[in-house]
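Chain by chain, the residues run as shown.
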Amino acid sequence: MGLRQFVIDAWSWLNYKPVMVEAGRPGSRAFPELAQMWVPPHELRRLAAYKVLASYDNNQAGQLAAAGGDASALERRELGDAAKLVDTALGYLLGSEQTITVEGAEHADEETPAPGAAEAAAVQDQLRKWADKELLTFRIQQAERAAVLLGDSVMVLAWNPDKQRPTLRVYDPGFFFPQWGDEDEDFPSRVHLAWELPADDDAGMKARVRRVTYELGPISEGDADGGNGGSAAGMRTYPWEPARASNLTCYLTDAEWLLEDLKNGETLDRLPMDKAAYRVRPDGTELNRLDLVIDFVPVVHIANTIPGSGEHWGRSTLARVLQALDELAATDSDSSAASATTGTPIIGLAGARLPVDRATGKPQELQVKAGAVWQLGETGRMDALDTSPQLAELRARVDHLLERIAANSRVTAAGLGTLDATEVPSGYALKLALGPLDALIGMMRLAREHKYRLLFKMVQRLYQAGRAEGWTAGETLPARLAWAPHTPTDRAAVLEEVVTAYGGGVLSLETAATMLLEAGYPIKDASQEVARIRAAAQQEALRRESADGEAARGDEVGASTAAA
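## Some points on helix 10 (residues 435-465)
Then step 1. Under the 1.5 Å per step criterion, the end-to-end length of helix 10 is 45 Å for 31 residues, consistent within 8% with the ideal 45 Å.
Then step 2. Its axis deflected by about 35 degrees at E449, helix 10 carries its strongest bend there.
Then step 3. Just past helix 10, the residue R467 takes up positive phi, approximately 55 degrees.

Here you go:
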């Protein structure tokens, strides 16, 4: 049977799976939900890939293979190796903590702060307070685990007038359907978030599909003001660009369709609007092209890796080692079977006197157990099948596969914690062993750098659009997410380096405090730590001045007494 179609795309590494063989409609038997007519055909491979990866994370890859036609896969033993790899990579990516920093805020406490430093410090403090209220650390954990496992994650912002702050929500990337226009576009001008709602017989609800759409479009006549000051028909001035009028705004539509009302060809982007049931906000506003009074789509897509040229989707941490995980599960299954015959061996008897069941008169089946006694004739013989060499070989193969997975995933044996400490001759050797992991985490953090900058830019602009207290019109300040070191650092060496460099005038006090913070010292904020150090130094200088003054006055009194 020849290859029906050779496909190279962002999910080609899954082509060996039977459920991914059909490029048009993969795994219809394994994923019946993907056969719904509203799902765009070009999105089927991506959605199927997410399903396959989720099955590995939940130790259900064997069940998925069985649904695809491999009945023997139900016997596969899966012991959580995929989930461990994902969680380990996630832990190194996140580090011990994440901190929001605004450029220039560290200079706000200087004696002569740089221009704009006070404003940067104020925005940084406001963003950190927002992060605490919105449980940003928790949201990042949700989003990043999905990104590491599936390759993609989605975060959506919305202004909440009751809370007077932007709210943040994480969505499954399988609900995310961006509508890309020209190839040169960096961000889609139209985004769908869509998922299926199952039928509820008790509530009398039929199966339906919900679609939330964010779309950039020209401002409608009469809506130019939008509460932010309009300048002309169809034009609006936004608070983050007060000197420029714009004719662009973002519209929100939230509606549902009954599945039974949809026909062939009515995919996600072609749903019949005359059959839509629009959702309504608590204040009674219908969510049908609601003007959000912003000129951006408040949706942030996070890719786990840097996409290739012309691509937009990330790649799972499991992608390169998925076949090795299959091999590991198969070897574990074989090892389990071999251990059963090693612990309870297969025994062949010759010339044995078998006990007879008095009720049936038939020989009883012999059982291998402690204390069992079998009577053998003069020419009797007992032979046991020794499978321990095969078991040892299988266990060695498990170790080999684990080393291969650690190396090819770049998490490394040292990163996974499987490296024997006695095999590391020095700390420098350990650093070299962690080199691939350092490169992996650096690449993953680089892929996210711009996306978190974009997220914090949107947060600031939503505050400005909502006219929240303390947020004035003006340019949005650049903010970023700073990650803690992903591996332990030699704090003593860093401290010695900082003391030497600062004492020699090579480093500023701000840079020195930042280095100590990144090395793991209990410094919450570098700028505040610098302010405390300077205040303590000023107090020490005043104390010394006072002591010197007292000593000088004492010398004067002594001299006067001696002269008298």
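## Structural notes on the environment of D399
Then step 1. Residue position: D399 is located in helix 7 (residues 388-409).
Then step 2. For the pair D399 and T418, spaced 19 residues apart in sequence, the C-alpha to C-alpha distance is 9.5 Å.

## With respect to the nonpolar core
Then step 1. Within the largest apolar cluster, 111 residues are counted, with the highest numbers of intra-cluster contacts made by W38 and L318.
Then step 2. Here this core takes twelve residues from helix 10, the largest share from any one element.
Then step 3. In this structure W38 touches F177, A194, W195, E196, V209, L259, L262, E266, T267, L268 and L271, once residues within four positions along its chain are discounted.
Then step 4. V494, V498, A512 and L516 belong to the second largest nonpolar core, which has six residues in total.

## Let's talk about the packing of helix 3 (residues 81-94) against helix 5 (residues 136-150)
Then step 1. Running from N to C, helix 3 and helix 5 point in directions that differ by 125 degrees, and their axes come no closer than 10 Å. With respect to helix 5, the element helix 3 is oriented oblique. By crossing handedness, the relation of helix 3 to helix 5 is classed as right-handed. Mapping the contact onto sequence places A83, V86, D87, A89, L90, L93 and L94 in helix 3 and I140, Q141, E144, R145, V148 and L149 in helix 5.
Then step 2. Across the contact of helix 3 with helix 5, the residue classes break down as nine nonpolar, one polar and three charged.

## Some thoughts on the pairing of strand 2 (residues 152-160)
Then step 1. With seven of its nine residues buried, strand 2 lies for the most part within the structure.
Then step 2. As defined by bridge partners, strand 2 adjoins strand 12 (residues 299-303) across five bridges and the pair is classed as antiparallel. Of the residues in strand 12, the one forming a bridge with V156 is V299.
Then step 3. Hairpin connection of strand 2 to strand 3 (residues 165-171): four residues between the antiparallel strands, including Q164 at a positive phi of 55 degrees.

## Regarding a negative patch on the surface
Then step 1. On the surface, D399, E403, D420 and E423 cluster together into a patch of negative charge.
Then step 2. Owing to a relative accessible area of 44%, D399 belongs among the partly exposed residues under this scheme.

## Observations concerning unusual backbone geometry
Then step 1. Backbone geometry places R289, a non-glycine residue, at a positive phi of 55 degrees.
Then step 2. Examined against the element boundaries, R289 turns out to sit in the loop between strand 10 (277-278) and strand 11 (290-291).
Then step 3. One non-glycine residue, R467, lies in positive phi territory at about 55 degrees.

## Some remarks on a nonpolar patch on the surface
Then step 1. Taken together, the side chains of L349, L376 and M382 present a nonpolar region at the surface, about 240 Å² in accessible area.
Then step 2. Along the chain, M382 turns up in strand 14 (residues 375-384).

## Examining the sheet that holds strand 2
Then step 1. Ordered by their spatial adjacency, three strands build an open sheet running 3-2-12, and the pairing between neighbours is antiparallel. Two strands in the sheet have a free side with no partner beyond their single neighbour: strand 3 and strand 12. Neighbour-to-neighbour, the strand axes of the sheet open up by a mean angle of 25 degrees, direction not taken into account.
Then step 2. Helix 5 contacts strand 2, strand 3 and strand 12 of the sheet and is inclined by roughly 150 degrees relative to strand 2.
Then step 3. Helix 10 contacts strand 2, strand 3 and strand 12 of the sheet and is inclined by roughly 165 degrees relative to strand 12.

## Let's talk about the packing of aromatic side chains
Then step 1. Evaluation of the coordinates by the stated rule reveals nine aromatic pairs.
Then step 2. Note on F176 and W313: the rings are 6.0 Å apart at their centroids and 80 degrees apart in plane angle, and the pair reads as edge-to-face. With F176 in strand 4 (residues 176-179) and W313 in the loop between strand 12 and helix 6 (322-343), this pair connects stretches of sequence that are 137 residues apart.
Then step 3. Judged by relative accessible area, which is 3%, F176 ranks as buried.
Then step 4. Take W313: its relative accessible area is 12%, and that puts it in the buried class.

## Digging into the packing of helix 3 against helix 10
Then step 1. Taken N-terminus to C-terminus, the directions of helix 3 and helix 10 make an angle of 70 degrees; their axes are 10 Å apart at the nearest point. In terms of orientation, helix 3 lies roughly perpendicular with respect to helix 10. Helix 3 and helix 10 meet at a crossing whose hand is right-handed. Contact residues: helix 3 offers A89, Y92, L93 and L94, while helix 10 offers L437, I441, M444, R445 and R448.
Then step 2. Here the contact of helix 3 with helix 10 is built from residues that sort into seven nonpolar, no polar and two charged.

Thresholds, definitions, all that
Residues numbered from 1 in each chain as written. Predicted model: local features only at pLDDT ≥ 70, side-chain atom pairs only at ≥ 80, totals over all residues. Heavy atoms only, no water. Helix = DSSP H or I, 4+ residues; strand = E, 2+ residues; numbered from the N terminus. Expected span 1.5 Å × (residues − 1). Bend = angle between axes of the 7 residues up to and from the residue. Core = buried A, V, L, I, M, F, W, Y, C linked by side-chain atoms within 4.5 Å. Buried < 20%, exposed > 50% of the residue type's maximum accessible area, 1.4 Å probe, protein only. Contact = heavy atoms within 4.5 Å. Axes fitted to C-alpha atoms, helices over the stretch in contact; angles between N-to-C directions. Parallel < 35°, antiparallel > 145°, perpendicular 65-115°, else oblique. Left-handed = near helix turned anticlockwise from the far one by under 90°. Nonpolar A, V, L, I, M, F, W, Y, C, P; charged D, E, K, R; others polar. Pairing = 2+ DSSP bridges. Patch = residues over 30% accessible without salt bridge, like charges linked within 9 Å, V, L, I, M, F, W, Y side chains within 5 Å. Areas by Shrake-Rupley, 256 points an atom, 1.4 Å probe, with all protein chains shown as cover. Salt bridge = Lys/Arg side-chain N within 4 Å of Asp/Glu carboxyl O. Lys, Arg positive; Asp, Glu negative; His and termini not counted. Charge placed at Lys NZ, Arg CZ, Asp CG, Glu CD. Phe/Tyr/Trp six-rings, centres within 6.5 Å; stacked < 30°, edge-to-face > 60°.

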